[in-house]
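Tertiary structure, described
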Amino acid sequence: MSIPTELRGTDIHGIDIVGWIENSSGETVQSLNTISSSQSSGSTLFGTDVGSKLSGTPDSSLIQEVPDYKEKFPEYSPDQEGGVQVDVQPADDDDPLLKDLPWHVRRVVSLTDDTTLPTITFRYFVLTLLFVTPGAFLSQMAMYRTTSAPYSIFFVQIGSNYVGQWLANMLPARQVRIPFTSWRFSLNPGPFSVKEHVLVVIAAASGATYNLAYSSISVAELWFDYKVHPMLAISFMWAVTWIGYSYAAIARSFLVYDPQYPWFQALCQSALFETQKKQRENPSPVSRRQTIVFFLVLLGVFLWQFLPAFVFPMLSSLAFLCWVAPNNKVVNFVGSGLGGMGVLNLSFDWSNIGNLGNMGSMFLTPWWTQVIVFVAFVFNCWVLIPASKWGGMTEWNHRLMSNRLFQGNGTLYPIKYLITSDHLFNQTAYEEYGPIYIGAQQLWGMFFDYASFTSAFSWIIFFGWPHLQSMCKKWQARRASGWKTSANEQYHDQLNVLMRSYEEVPIWWFVVLFLCSFVPTIIILARGYLFIPIWTYFVAILTGAVVVIPLGWLYALSNFQLPTGSTNELLYGLMVNGIRGYKNPVGAPIYGTIAGDAWYRAQYMLQDQKIGHYMHIPPKAVFFSQVFGSFIGIPMNYAAIRWILDTKGQYLTGELIDPRHQWTGQDLVTTLSFSTQYVLIGPRRLFEQALFHPVAYGFLAGATIPMILFLLHRKWPNSPLQFPLWNTTIFFCAMSTFYGNISTGYLSALIGGFVVMYWAYRYHYEFWARYNYILAGAFDAGFNFNMLFIFLVFGAGKVIEMPHWWGNDAKNIERCFAME
């Protein structure tokens, strides 16, 4: 048989297409026969998913609207002898079912669906509990570290695949009746299905992550001796999560159904889901090699991480310049990656490489995004820092690499004395200790933080205006139809056609979820537990709603998530400094958590709904999995918070110094600094200081620079400089990153990213497609296993320290002995 040019080589799943066609024709024929005989069998391509009450009931009229699949995709039609006819050319871009799907989406996702596959099963609940519980703990623990690799969703995706298959082989196929009801379920409804698998991973993505409320809980206890009651803390953590999930309703019709938004993380996971499905149903030599590579790399990373994390911490930051002049202060500062500029510094610690500058893994993030992040790092650490330290760029040159608050003489500012017992600003103490000062890096970090916020809106207006117009027109069309037209009926690609088989999540589900967040939060605030006035809560949820679409648009296209914390806290400071009381700095992170999670959690929900869209999962089942995952994960988040505050509190407050600069609570210290500036000192008093005069202009810079780039693009649309790739939002955000504790890893990440996302992707695409996502999961899973093992063996009970030696020097693990 001859293979058309479009089908030669390897698809993005990593499965050889020729081998796949020859080896899995039985599966394909079965699927196509199911379609062709749908009227007689009742098991139709667009039939009801009997595996779950959450799948919804399809509209039978929709079945008649879809042309015969053999007519639309003849290259996958069975021939008379049961083989697969591939001698015809595949459908081109004129095909209405394909023309709107980007080429990389066509190569990743399946264009057929079996609605009879089980979804919410007993196995689903077992697997969700198994993978969410440790993931929630580890992810929350990682937020107190300076750097770390996340609890890999790829680990969950690969691990749950094997455990799910094991359960399908071991569990008895017995019906169990739920006590006091007539409901029954099967312990084992048959082979482990791809839809069960996807839903387990979606639940883990929702629950096996950190909770943003940790910052306010930790700051209150560590610096203001206020311990939040466990039940109050957990209720608040649930509330801020679900407000974001309810806000996904604002953007889902724009960012989920539109095929032009790839959501790279979702696409990556979908590729792996499809590969695993083929491995389960039709194992091949390629799939076996992929499995072997995954476990060998996982084991290798697990063993390797013992070196930089415990035995040989020098590997976490190889400061070559310090080796040349270990006692030279200037050379040490330039070369150190732990408190210095990090010039020519390499790291072999995955926690320092795997997730830098909010850009995600180097295996997933587009190369252009990685370049922007590295350029921002170079400009920050290799240009601005020396200009400030030796060039006199800034007015106050003390504590250049610190994110804490200081007095004019460089000593720590006694923050506690600025607040009275009735939560008012202590003017007498402020006059005694003087105005606050911050390091130069923290100062320009504020400038670029403000710039990134306004840039996000400016960029989407100038470069995303056609998309915004399209969104508005579709919204107006649904409104004109009396909301009888669903969002996926406005798009006519094959994926949206398949999803019409399932009932959409009704808007009242999102409303109920919103109320489950709104009511408890109002009660908590009315009782005066969380330091903020009730009316500011309404402002917080409003501002969170405003940013969902522009920031979701940015993430869907670039895999870059923009943090909005300091801007939210500035807004809160402006509000509370106009009224009496409410001057406790803890109020700022509480407000920031509410407004921030309204966006962050909406983004997570939209991303997972896109996975459900790619994998043809009933939307109601996706919604349930997201809420269920967060419900069981948040108590584990609190358990991790409690353990960290009880065992690492002295490191976090700075009373003790962690030799590896990991347990620094860097984000907490930054939160404390911003909270004090905005709430106690107040924006007016703060920006009256000459030191802070330039900072507010960041808002102006962020708003105008995208316009300049847009005008340049309009004048020279074919310029090799490719102005649309100069995303100022990403650049400004990376510029606002604080590098004072750790500035290593960026050069290593750039080298790795070049190899993976440029060289291998461009020149060895078949190899890249086969192994890239496997390696992404293996690296993160190996690191997380190692971090969990070290925690359980060396830190959970009796703390065991590694003896000092040449690679773990007691004075400085980098051997930068003159570092101050």
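Residues numbered from 1 in each chain as written. Predicted model: local features only at pLDDT ≥ 70, side-chain atom pairs only at ≥ 80, totals over all residues. Heavy atoms only, no water.

1. Topic: the overall build of the protein chain
- The secondary structure content of the protein chain amounts to 34 helices and four strands.
- A buried classification covers 62% of the 820 residues belonging to the protein chain.
- Taking as baseline every contact in the protein chain between residues at least 6 positions apart, the subset at least 24 positions apart corresponds to 81%.
- Taken as a whole, the protein chain presents about 32700 Å² of accessible surface, with 63% of it coming from carbon and sulfur. (Helix = DSSP H or I, 4+ residues; strand = E, 2+ residues; numbered from the N terminus. Buried < 20%, exposed > 50% of the residue type's maximum accessible area, 1.4 Å probe, protein only. Contact = heavy atoms within 4.5 Å. Areas by Shrake-Rupley, 256 points an atom, 1.4 Å probe, with all protein chains shown as cover.)

2. Section: empty space enclosed by the protein
- If you walk through the whole model with that rule in mind, you get seven cavities of 30 Å³ or more.
- The computed volume of the second largest cavity comes to approximately 120 Å³.
- Looking at the second largest cavity, the residues that line it are Arg252, Val256, Tyr257, Met499, Glu504, Val505, Gln609, Gly612, His613, Ile617, Pro619 and Val622.
- When residues of the lining of the second largest cavity are traced back to their parent elements, those giving at least two are α26 (587-614) and α27 (619-647).
- Here the residues of the lining of the second largest cavity sort into seven nonpolar, three polar and two charged. (1 Å grid on protein atoms, 1.4 Å probe; cavity = no way out; pocket = protein on both sides within 12 Å on 5 of 7 lines; lining within 4 Å. Points joined across faces, edges and corners; volume = space filled by probe spheres on them. Nonpolar A, V, L, I, M, F, W, Y, C, P; charged D, E, K, R; others polar.)

3. Let's talk about the nonpolar core
- Met141, Tyr144, Met446 and Ile594 are the most contacted members of the largest nonpolar core, which totals 221 residues.
- The greatest single-element share of this core, amounting to 15 residues, is contributed by helix α11 (residues 230-255).
- The contact partners of Ile594, leaving out residues within four places of it in the chain, are Phe236, Val240, Ile243, Ile532, Tyr537, Ala540 and Ile541.
- Grouped together as the second largest cluster of nonpolar side chains are six residues, Phe306, Ala309, Phe310 and Phe794 included. (Core = buried A, V, L, I, M, F, W, Y, C linked by side-chain atoms within 4.5 Å.)

4. With respect to the pattern of salt bridges
- As enumerated under the stated definition, the model contains eight salt bridges in all.
- Notably, a salt bridge pairs Lys620 with Glu503, separated by 2.5 Å at the nearest N-O pair. Taken together, the residues span a long stretch of sequence, with Lys620 in helix α27 and Glu503 in the loop between α22 (494-499) and α23 (507-526) at a distance of 117 residues.
- When its relative accessible area of 13% is taken as the criterion, Lys620 is described as buried.
- Of the charged contacts in the structure, one is a salt bridge between Glu688 and Arg684, with a shortest N-O distance of 3.2 Å. Here Arg684 and Glu688 lie together in helix α30 (residues 683-688), a separation of four residues that amounts to about one turn.
- Among the ionic contacts, a cluster of salt bridges with common partners joins Glu221, Arg642 and Asp646. (Salt bridge = Lys/Arg side-chain N within 4 Å of Asp/Glu carboxyl O.)

5. Quick notes on the packing of aromatic side chains
- Following the criterion strictly, the structure yields 63 aromatic pairs and no others.
- Arranged with centres 5.3 Å apart and planes meeting at 85 degrees, the rings of Phe125 and Phe628 form a pair that is edge-to-face. Within this pair, whereas Phe125 is found in helix α7 (residues 122-142), its partner Phe628 is found in helix α27, the two being separated by 503 residues in sequence.
- Counting every residue linked through ring pairs, the aromatic cluster contains Tyr247, Phe514, Phe518, Tyr537 and Phe538.
- Sitting over the face of the ring of Tyr430, Arg685 holds its NZ or CZ atom 5.7 Å from the ring centroid.
- A cation sits over an aromatic face here: Lys715 above Trp716, 5.3 Å from the ring centre. (Phe/Tyr/Trp six-rings, centres within 6.5 Å; stacked < 30°, edge-to-face > 60°. Lys NZ or Arg CZ within 6 Å of the ring centre and 35° of its normal.)

6. Details of a nonpolar patch on the surface
- A surface patch of nonpolar side chains, about 650 Å² in accessible area, is lined by Ile507, Trp508, Val511, Val512, Leu515, Val519 and Ile523.
- Mapped onto the fold, Ile523 is located in helix α23. (Patch = residues over 30% accessible without salt bridge, like charges linked within 9 Å, V, L, I, M, F, W, Y side chains within 5 Å.)

7. Points about α11
- In a regular helix each residue adds 1.5 Å, so 26 residues correspond to 38 Å; α11 covers 37 Å between its end C-alpha atoms and thus fits that length.
- Residue Ala249 marks the point of greatest curvature in α11, where the axis turns by about 45 degrees. (Expected span 1.5 Å × (residues − 1). Bend = angle between axes of the 7 residues up to and from the residue.)

8. Some remarks on the state of the cysteines
- Applying the stated criterion to the full structure yields one disulfide.
- A disulfide bridge connects Cys322 with Cys816, and the sulfur atoms are separated by 1.9 Å. Taking the sign of the S-S torsion, about 100 degrees here, the bridge from Cys322 to Cys816 comes out right-handed. Here the residue Cys322 occupies a position in helix α15 (residues 320-324), and Cys816 occupies one in the segment after α34 (765-795), the gap between them amounting to 494 residues.
- According to the relative accessible area criterion, Cys322 is buried, its value standing at 0%. (Disulfide = S-S within 2.5 Å.)

9. Quick word on the confidence of the model for the protein chain
- The predicted model of the protein chain has a mean per-residue pLDDT of 81, with 86% of residues at 70 or higher.
- Per-residue pLDDT, averaged within each element of the protein chain, yields its smallest value for helix α1 (residues 17-23) (29) and its largest for helix α9 (residues 194-207) (95).
- A low-confidence stretch, residues 1-91 (pLDDT under 50), is modelled with 167 contacts involving residues beyond four sequence positions or located in other chains. (pLDDT = per-residue confidence, 0-100.)

10. Observations concerning the packing of α9 against α26
- Where α9 meets α26, the closest approach of the two axes is 10 Å, and the angle between their N-to-C directions is 170 degrees. Judged by the inter-axis angle, α9 sits roughly antiparallel to α26. Within the contact between the two elements, α9 uses Val198, Ile202, Ala205 and Ser206 and α26 uses Arg601, Asp608, Ile611 and Gly612.
- Taken together, the residues that form the contact of α9 with α26 break down as four nonpolar, two polar and two charged. (Axes fitted to C-alpha atoms, helices over the stretch in contact; angles between N-to-C directions. Parallel < 35°, antiparallel > 145°, perpendicular 65-115°, else oblique.)

11. Let's talk about unusual backbone geometry
- In this structure, Leu344 is a non-glycine residue whose phi angle is positive, near 55 degrees.
- Leu344 sits in the partly exposed class, given a relative accessible area of 48%.
- We note that Phe531 has phi near 70 degrees; this positive angle belongs to a residue other than glycine.
- Structurally, Phe531 is set in the loop between α23 and α24 (534-558).
- Of the residues examined, Phe531 reaches a relative accessible area of 14% and is grouped as buried.

12. Some details on the environment of Thr121
- If you trace the backbone, Thr121 turns up in the loop between α6 (103-108) and α7.
- Note: C-alpha distance between Thr121 and Ser186 (65 residues apart in sequence) is 7.7 Å.
- When near neighbours in sequence (up to four residues on either side) are disregarded, Thr121 contacts Pro189 and Glu196.
- At a separation of 2.4 Å, a polar atom in the side chain of Thr121 contacts the side chain of Glu196. (Polar contact = N/O pair within 3.5 Å; in protein donor to acceptor, adjacent residues only side chain to side chain.)

13. Points about the environment of Tyr214
- Within the fold, Tyr214 resides in helix α10 (residues 214-224).
- Counting along the chain gives 424 residues from Tyr214 to Tyr638, while the straight-line C-alpha distance between them is 7.9 Å.
- Leave out the neighbours within four places in its chain, and Tyr214 touches Gln140, Met143, Tyr144, Ile641, Asp667 and Leu668.

14. Notes on the side chain of Ser317
- By the element assignment, Ser317 lies in the loop between α14 (306-311) and β3 (318-319).
- You can call Ser317 buried: its relative accessible area is 1%.
- Among the polar contacts made by the side chain of Ser317, one reaches the side chain of Glu814 at a distance of 2.5 Å.
- Other than its neighbours up to four places away in sequence, Ser317 contacts Gly337, Leu338, Asn345, Leu346, Thr744 and Glu814.

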